[in-house]
Every structure is written in C-alpha cells, then in structure tokens.
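Given next are the chains, with one letter for each unit.
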Amino acid sequence: MLGAHLLKTGIDNARGPDIRFIKVESTLNAEGFYKKHGFVAQKHGFFSHGVGGLPIEIIHMKLELE
C-alpha cells in the first residue's frame, strides 16, 4: 500500500510535456509489483554495487505515459 502510493507519487511528479515513458530497474521479486502498475519488462540484466559482492539479476522495465 505504501509502496503503491510512493510509486504513484513518483510517476505523477515525473509527468511533463516531453516525458513519454518512465524506466525502472526492478529486482526479480519486485517485477510483479511493477507489472501490476503498468510497467512492462524490456530485458534482463545485472546490477553490481561496485563495492564487492555478487551482482544481482534485474529486469529493465518501462511504463508508457499517456
């Protein structure tokens, strides 16, 4: 509930005359959350913190704005 409110606020604040889409990098466990809010998976990739540790798999997702 809080996450959905924060996402909606972020999307609303990002809207503008020249903004046609929003992209996010989702963790695998958050993919369903973003899909529920209209985002579409584009491709898979990996994220590395740059301070050691293993890279984590992510999904590049996109929301088309109206």
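Up top you'll find the structure we're talking about.
Residues numbered from 1 in each chain as written. Predicted model: local features only at pLDDT ≥ 70, side-chain atom pairs only at ≥ 80, totals over all residues. Heavy atoms only, no water.

Caption draft 1: Inspection of the packing of aromatic side chains at higher detail. Going through the model one piece at a time under the given rule, you end up with two aromatic pairs. Residues tyrosine 34 and phenylalanine 39 carry aromatic rings whose centres are separated by 5.3 Å and whose planes lie at 75° to one another, so their mutual orientation is edge-to-face. A residue is classified by how much of its surface remains accessible, and tyrosine 34, at 17% relative accessible area, is buried. Put simply, the rings of Phe33, Tyr34 and Phe39 touch in pairs and so form one group of aromatic residues. (Phe/Tyr/Trp six-rings, centres within 6.5 Å; stacked < 30°, edge-to-face > 60°. Buried < 20%, exposed > 50% of the residue type's maximum accessible area, 1.4 Å probe, protein only.)

Caption draft 2: Region of interest: the pairing of strand β1 (residues 21-27). Along β1, the buried face is formed by Ile22, Val24 and Ser26; none of Phe21, Lys23, Glu25 and Thr27, which line the opposite face, is buried. Sheet topology places β1 next to strand β3 (residues 56-64); seven bridges connect them, and they run antiparallel. Paired with serine 26 across the strands is isoleucine 59, a residue of β3. (Helix = DSSP H or I, 4+ residues; strand = E, 2+ residues; numbered from the N terminus. Pairing = 2+ DSSP bridges.)

Caption draft 3: Main features of the pattern of salt bridges. Overall, the coordinates contain four salt bridges when judged by the stated rule. Between aspartate 12 and lysine 8 there is a salt bridge, with the nearest N and O atoms lying 2.6 Å from each other. Here aspartate 12 and its partner lysine 8 are both found in helix α1 (residues 2-14), four residues apart, which amounts to about one turn of the helix. Judged by relative accessible area, aspartate 12 falls into the partly exposed class, the value being 36%. (Salt bridge = Lys/Arg side-chain N within 4 Å of Asp/Glu carboxyl O.)

Caption draft 4: Representation of the nonpolar core in the model. One finds Leu7, Ile11, Ile22, Val24, Ala30, Tyr34, Phe39, Ile59, Met61, Leu63 and Leu65 forming the largest nonpolar core, which totals 11 residues. Of all the secondary structure elements, the ones that give two or more residues to this core are α1, β1 and β3. Top contributing element to this core by residue count: β3, with three residues. Look past the residues within four positions of leucine 63 in its chain and what remains in contact with it is Ile11, Arg20, Phe21, Ile22, His37, Gly38 and Phe39. (Core = buried A, V, L, I, M, F, W, Y, C linked by side-chain atoms within 4.5 Å. Contact = heavy atoms within 4.5 Å.)

Geometric values such as these leave the question of function open.
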